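One letter stands for each residue in the lines below.
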Amino acid sequence: NNDKSSSLFAKAVIKFARHHHRLTAEPLENSKDGRAVSVSFEDFSEFCFAQVPMLHVAISSFATRTFFKQQDSQPQTMDGVTPLVVPPSSEELVPPYPIDENNMRIDTGRSGSALFETVSHFQSALFVVSLQSPSLNGGWRRLYTSSIDGLSFNRLARAVCGYQGPTVLLLQDGKGCIFGIYSSSGWKAANQHSGGDSSNFLFRLTPSFKVLSPKSGSDGHYQYLNLNGFSLPHGIGVGGDRCEVKNFRLFLPEEDLDQCRCRSNCTTFESGMLSVEAEEKVNSGEEPIFELVTVELWGVGGTTALVEAANSQKQARAIEDASIQRARKVDKAAFFENSFDREMFLGKTFNQSDGGRR
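Note that residues are indexed from 1 along each chain, following the sequence as it is written. Only residues with pLDDT of at least 70 are given local features in this predicted model, and only at 80 or more are side-chain atom pairs given and counted; all residues enter the totals for whole chains, interfaces and linings. Excluding hydrogens and water, the side-chain figures rest on all heavy atoms present in the structure.

(A) Representation of unusual backbone geometry. In this structure, the amide linkage connecting Thr206 to the following residue, Pro207, adopts the cis form with an omega of 5°. If you trace the backbone, Pro207 turns up in the loop between β5 (201–206) and β6 (210–212). Helix and strand assignments come from DSSP, with helices taken as H or I runs of at least 4 residues and strands as E runs of at least 2, each series counted from the N terminus.

(B) Spatial organisation of helix α7 (residues 153–160). The rule is simple: take the accessible area with a 1.4 Å probe, protein chains only, and divide by the maximum for that residue type; under 20% is buried, over 50% is exposed, in between is partly exposed. Taken together, the buried positions of α7 are occupied by Phe153, Leu156, Ala157, Ala159 and Val160. End-on, the buried residues of α7 take up no more than an arc of 160°, which puts them together on one face. The definition of a polar contact used here is a pair of N or O atoms within 3.5 Å, where within protein one atom must be able to donate a hydrogen and the other to accept one, and adjacent residues in sequence count solely through side-chain atom pairs. Backbone nitrogen of Asn154 and a side-chain oxygen of the N-cap are separated by 3.4 Å at the start of α7; the cap is Ser152. Backbone geometry just after α7 places Gly162 at a positive phi near 85°. Working definition: the arc comes from the directions between the helix axis and the C-beta atoms, pointing outward to the latter.

(C) Expanded view of the sheet that holds strand β2 (residues 139–145). Following DSSP output, two strands are said to pair if at least two bridges run between them. Taken in spatial order, the 7 strands of this open sheet run β1-β2-β12-β3-β4-β5-β6, and their pairing is mixed. Each having just a single partner strand, β1 (97–99) and β6 make up the two edges of the open sheet. Geometrically, the sheet is characterised by an average inter-axis angle of 30° between neighbouring strands, direction not taken into account. Across 6 bridges, the pairing between strand β3 (residues 167–172) and strand β4 (residues 178–183) is antiparallel. Looking across to β4, one finds that Leu171 is bridged to Phe179. Between the N-to-C directions of two axes lies an angle of 0 to 180 degrees, each axis being a line fitted to C-alpha atoms and, for a helix, fitted only over the stretch in contact.

(D) Geometry of a negative patch on the surface. Negative charge collects at one region of the surface, where Glu255, Asp256, Asp258 and Glu291 lie side by side. If you trace the backbone, Glu291 turns up in the loop between β11 (289–290) and β12 (294–299). Here, patches come from residues exposed beyond 30% relative accessible area and free of salt bridges, joined within 9 Å for like charges and within 5 Å for nonpolar side chains (Val, Leu, Ile, Met, Phe, Trp, Tyr). Here, Shrake-Rupley sampling with a 1.4 Å probe gives the accessible areas, and only protein chains in the shown set may cover a residue. Within this document, salt bridges are pairs made up of a side-chain nitrogen of Lys or Arg and a carboxyl oxygen of Asp or Glu, the two lying within 4 Å of each other. The convention is simple: Lys and Arg are positive, Asp and Glu are negative, and His and the chain ends are not counted. Every charge is mapped to an atom, namely NZ of Lys, CZ of Arg, CG of Asp or CD of Glu.

(E) Focus on the pairing of strand β9 (residues 250–253). Side chains of β9 alternate between two faces, with Leu250 and Leu252 and Phe251 and Pro253 buried alike. Sheet topology places strand β8 (residues 235–238) next to β9; 4 bridges connect them, and they run antiparallel. Bridged to Val238 within β9 is Leu250. Hairpin connection between β9 and strand β10 (residues 260–262): a loop of 6 residues separates the two successive antiparallel strands.

(F) Representation of the packing of α7 against helix α9 (residues 303–328). Between α7 and α9, whose axes approach to 10 Å, the crossing angle comes to 115°. For the pair formed by α7 and α9, the contact residues are Arg158, Ala159 and Val160 on the first element and Gln313, Arg317 and Glu320 on the second. Taken together, the residues of the contact of α7 with α9 sort by class into 2 nonpolar, 1 polar and 3 charged. The criterion used for residue contact is that any of the two residues' heavy atoms lie within 4.5 Å. Three categories are distinguished: nonpolar for Ala, Val, Leu, Ile, Met, Phe, Trp, Tyr, Cys and Pro, charged for Asp, Glu, Lys and Arg, and polar for the others, with Gly belonging to the last.

(G) Molecular detail of the pattern of salt bridges. Inspection of every chain in the model, using the stated rule, returns 4 salt bridges. Among the ionic pairs, Glu280 bridges to Lys175, the shortest N-O distance being 3.6 Å. One end of the pair, Glu280, is in helix α8 (residues 276–283); the other, Lys175, is in the loop between β3 and β4, and 105 residues separate them in sequence. Its relative accessible area of 54% is what places Lys175 among the exposed residues. In this structure, the salt-bridge partner of Glu277 is Lys281, at a minimum N-O distance of 3.9 Å. On the criterion of helical spacing, the pair formed by Glu277 and Lys281 is a turn pair, its members being 4 residues apart in helix α8.

Right under this line is the structure:
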């Protein structure tokens, strides 16, 4: 209802403002405890432009839903009086919610997400994340969750490969900290950073909220996915000026998800630590390693983008499966025409059929 929506909206924006350092103005002279009690309009405008570009849409959607209840039919009015009808906005911002393969909204208890179902205030935090981009608005389609599909790099990689739409990768470390990656385009398997653009960003939802956008003049190392290359590390990563395990801003290694890495700075994104577990280890003089407890991949971008991305992935998988089947088949004619292979592997067979022995 409207009261619940109003409360959700207000709490989410206030929580975001309190946790973000850019919304801290100079304390007023009459503040007793030295804390800031006001923010200038210029600071707030700069903050919104840089950190919550979709806030104006959220405010207009909030006002429309709060003050103008939408009716399924035309309102009844007196003769000669023109009714006030507020058309639904095409830019209306809707907080993220899980959907099924038919783009139908489903209850969070059936979403297959351990995070949607169990983490307190998770959806409120996601709502604030959705203020970053219109692609994060509305329905999120589950592509992979470790709670349903099992914690496996290979299964995560299969969910990633061939999907050409924007995605959100959610991660939870051994300390319960939840953070993630928004990718504006699909992950492309390559031996170098590939994909994404300046609309990519990193974020943390709990225990505190932060958004880390690309730096001005970023090196463009937004996404990294390597599954087959021999000379470079196998895994999923972001940031960093070189394709080395210790150089990535965030890296999920193929061989061991208990040895994921997270740094607080790189040449691609703004500075700030994402994983609490990795941060505690750094403070103790250890390597910035964390255990990946939960991982989820969600397709976003709206109905059209979700359908197109799902279709592209189906086509990619069909091509891959056909290629595997072809590779499994042995060209017997070519095999028998090769005298060396015939002698090496089937020498006795041919000799016996010719009546000879060795």
